[in-house]
Amino acid sequence: MAAHNKRELKRLKKAEKKAAKELRKKERAAAQAAAEQARIEEKKAKAISAKSTPLPPSYFNTYSSSSKNRLDATTGRDDGGYAVASNKRMRINEMATPFCETEHVQKVYDSIAKQWHGTRYKPWPKVAAFIERQPKGSLFGDIGCGNGKNWFACVDQGYGVGSDFSMALLNICNGMGQEVHSADALHLPYRDNIFDAVLSIAVLHHISSESRRMRLMSEAVRVLRPGGQALFYAWALEQELASRSGHVFQEQDVLVPWHVKVGEQGAKTEERVKEAREVVERAVASHGEVDEVKGAAVFQRYCHVYEKGELELLFERMVREHPTVEARIIDSYHDSGNWAMCVEKM
Ligand SMILES: C[S@@+](CC[C@H](N)C(=O)[O-])C[C@H]1O[C@@H](n2cnc3c(N)ncnc32)[C@H](O)[C@@H]1O
């Protein structure tokens, strides 16, 4: 009897030990799952909060565009039209494309051109209406033409010539038989007074200082014939809920992420992450990153979003500072998340 009890006690102890081991195993697995979930949640939160981020302060050391930190306000200018940084150690040629525009605009468009092209195919209604309002046979200059989505409407009305600084987008335009030129919008390779109408749609919000924005405006007017009209669109700080972009901006100078989605629908996340890595490796933009939650490659576009009245103030200042430019604003309005301004050369 005693021997039986001893055996039973031993069996019970063994069972107890096994149960405790199982419990510890389960607790470890639960802790691991919770940690993994927390990691995913943290990544998701980061992805959401990364919808648009303020421009890193270091960018302001070289070029600044916010009204608070404007380069012109804090520095002097030397005789050669160069700005001098506040520490007086650096001369900056403001008309040379700065890092934030080459890395965070030009290289981004070169990296995302294919996806960009897939989502843009016709002019916005009010841009189309502007094109249609111009006399038949008009010659249009589309400055910062992107994938050439406005070109066919221009050709229906007369003829169109596009220009952009993204070679990848220009190649797409070229492949569709469009006449396009590789050019910086601040240094257009055209003679004065050549175009009957000029389009600058969603380009100004990629220009990172006031003097550069004014230079873009003055170039657009220079190539316009007297009596001709130019239409400017730029992203607005004030966004209505149903705007095209769906963005909410906390600051005027921001980096806005562009996700290059990869993989077929239903593809496993690991496959998409691997493909996103390949996209980032192939990208021209060196800052590209992989979003492991979304399985996408992410590039950051520099944008300066405009306050109500800012485009007009800048245009009027440009006209005042360039006595040879004679032009007036004939219309300005808010159109689906953008400020628009139509000007006429006199
Ligand atoms: C938001 S996209 C708009 C494209 C086109 N205008 C449209 O309505 O779809 C901005 C375009 O401006 C071009 N861009 C930005 N800065 C430029 C510059 N300094 N010179 C030439 N093109 C520029 C970009 O390469 C890109 O194609």
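This is a predicted model, so every value here is computed, not measured.

Reading the values: rules and limits
- Residues numbered from 1 in each chain as written.
- Predicted model: local features only at pLDDT ≥ 70, side-chain atom pairs only at ≥ 80, totals over all residues.
- Pairing = 2+ DSSP bridges.
- Helix = DSSP H or I, 4+ residues; strand = E, 2+ residues; numbered from the N terminus.
- Contact = placed C-beta atoms within 7 Å.
- Axes fitted to C-alpha atoms, helices over the stretch in contact; angles between N-to-C directions.
- Near = placed C-beta within 6 Å.
- Nonpolar A, V, L, I, M, F, W, Y, C, P; charged D, E, K, R; others polar.
- Expected span 1.5 Å × (residues − 1).
- Buried ≥ 20, exposed ≤ 12 C-beta atoms within 10 Å, placed from the backbone.
- Arc of directions from axis to C-beta.
- Core = buried A, V, L, I, M, F, W, Y, C linked by C-beta atoms within 7 Å.
- pLDDT = per-residue confidence, 0-100.
- Parallel < 35°, antiparallel > 145°, perpendicular 65-115°, else oblique.

Visitor: I'm lost on the sheet that holds strand β11 (residues 289-291) in this one. Help?
Guide: Adjacent strands of a sheet pair through backbone hydrogen bonds, lying either parallel or antiparallel. Strands sit in the order β1-β10-β12-β11 across an open sheet of 4 strands; the sheet is antiparallel. At either end of the open sheet lies a strand with only one pairing partner, and these are β1 (53-54) and β11. Bridge count for strand β10 (residues 253-261) against strand β12 (residues 296-304) is 9 bridges, and the pairing is antiparallel. Its bridge partner lying in β12, Asp253 is registered against His304. Strand contacts of helix α4 (residues 99-119): β10 and β12, with the helix running at about 135 degrees to β12, the strand carrying the most contacts.

Visitor: Any chance you could explain the site of the ligand here in plain terms?
Guide: The full set close to the ligand counts 19 residues, and Gly144, Gly146, Phe165, Ala185 and Ile201 are the nearest of them. Across the shell around the ligand, the residue classes break down as 10 nonpolar, 5 polar and 4 charged.

Visitor: Mind showing me how you'd approach helix α10 (residues 310-321) here?
Guide: Structurally, the α-helix is built with 3.6 residues per turn, so residues lying three or four positions apart point the same way. Spanning 12 residues, α10 covers 16 Å between terminal C-alpha atoms, matching the ideal 16 Å at 1.5 Å per step. Restricting attention to buried positions, one finds in α10 the residues Glu310, Leu311, Leu314, Phe315, Met318 and Val319. Angularly, the buried residues of α10 cover 165 degrees about the axis, an arc narrow enough to put them on a single face. More than 90 degrees from the buried face of α10, the exposed residues found are Leu313 and Arg320. Each element contacted by the buried residues of α10 is listed here: α8 (210-222), β9 (224-235), β13 (327-335) and β14 (338-345).

Visitor: Can you help me understand the nonpolar core in this one?
Guide: Soluble, globular proteins show a tendency: their nonpolar side chains are buried together. By size, the foremost hydrophobic cluster in this structure holds 75 residues, and its most contacted members are Val198, Ala220, Phe232 and Ala297. What Phe232 contacts, discounting residues up to four positions off in sequence, is Ser200, Leu204, Leu311, Ala340 and Met341.

Visitor: What exactly am I supposed to notice about the pairing of β14 here?
Guide: Regular strands have side chains that alternate between both faces of the sheet. The element β14 is largely enclosed, with a buried count of 6 among its 8 residues. Taken together, the 7 bridges between β9 and β14 define a ladder with antiparallel strand orientation. Paired with Ala234 across the two strands is Trp339, which belongs to β14. Taken together, the 8 bridges between β13 and β14 define a ladder with antiparallel strand orientation. Across the sheet, the residue bridging to Ala327 is Lys345, located in β14. Counting the residues between successive antiparallel strands, the hairpin from β13 to β14 contains 2 residues, one of them, Ser336, with a positive phi of roughly 45 degrees.

Visitor: Mind showing me how you'd approach the sheet that holds strand β5 (residues 138-143) here?
Guide: The strand order across the open sheet built from 7 strands is β7-β6-β5-β8-β9-β14-β13, with neighbouring strands paired in mixed fashion. Bordering the open sheet on either side are β7 (180-182) and β13, each of which pairs with just one other strand. The sheet shows a mean angle of 15 degrees between the axes of neighbouring strands, direction not considered.

Visitor: Is there a simple way to think about the confidence of the model for the protein in this case?
Guide: Put simply, the protein has an average pLDDT of 86, and 84% of its residues get 70 or more. This stretch, residues 60-82, has a pLDDT under 50; its non-local contacts, to residues over four places away or in other chains, come to 40 contacts.

Visitor: Help me understand the packing of α4 against helix α7 (residues 167-175), please; the structure alone is not making it clear to me.
Guide: Between two packed helices, what matters for the description is the angle formed by their axes and the separation of those axes. Where α4 meets α7, the closest approach of the two axes is 7 Å, and the angle between their N-to-C directions is 35 degrees. Between α4 and α7, the contacting residues are Tyr109, Asp110, Ala113 and His117 on the first element and Met167, Ala168, Leu169 and Ile172 on the second. Here the contact of α4 with α7 is composed, by residue class, of 6 nonpolar, 1 polar and 1 charged.

Visitor: Before we go on, may I ask you to explain the packing of α8 against α10 in this structure?
Guide: Here α8 crosses α10 at 75 degrees, and the two axes come no closer than 9 Å. The angle between α8 and α10 places the two elements in the roughly perpendicular class. Contact residues: Glu210, Arg213, Met214, Met217 and Ser218 in α8; Leu314, Phe315, Arg317 and Met318 in α10. Residue composition of the contact of α8 with α10, by class: 5 nonpolar, 1 polar and 3 charged.

Visitor: Quick question: what am I supposed to make of α7 here?
Guide: Regarding α7, the residues found buried are Leu169, Leu170, Ile172 and Cys173. Taken end-on, α7 shows its buried residues confined to a sector of 155 degrees, consistent with a single buried face. Those residues of α7 hidden inside the fold are in contact with α4, α6 (151-157), β6 (158-164) and β7. Just downstream of α7, Gly177 is the residue with a positive phi angle, here 80 degrees.

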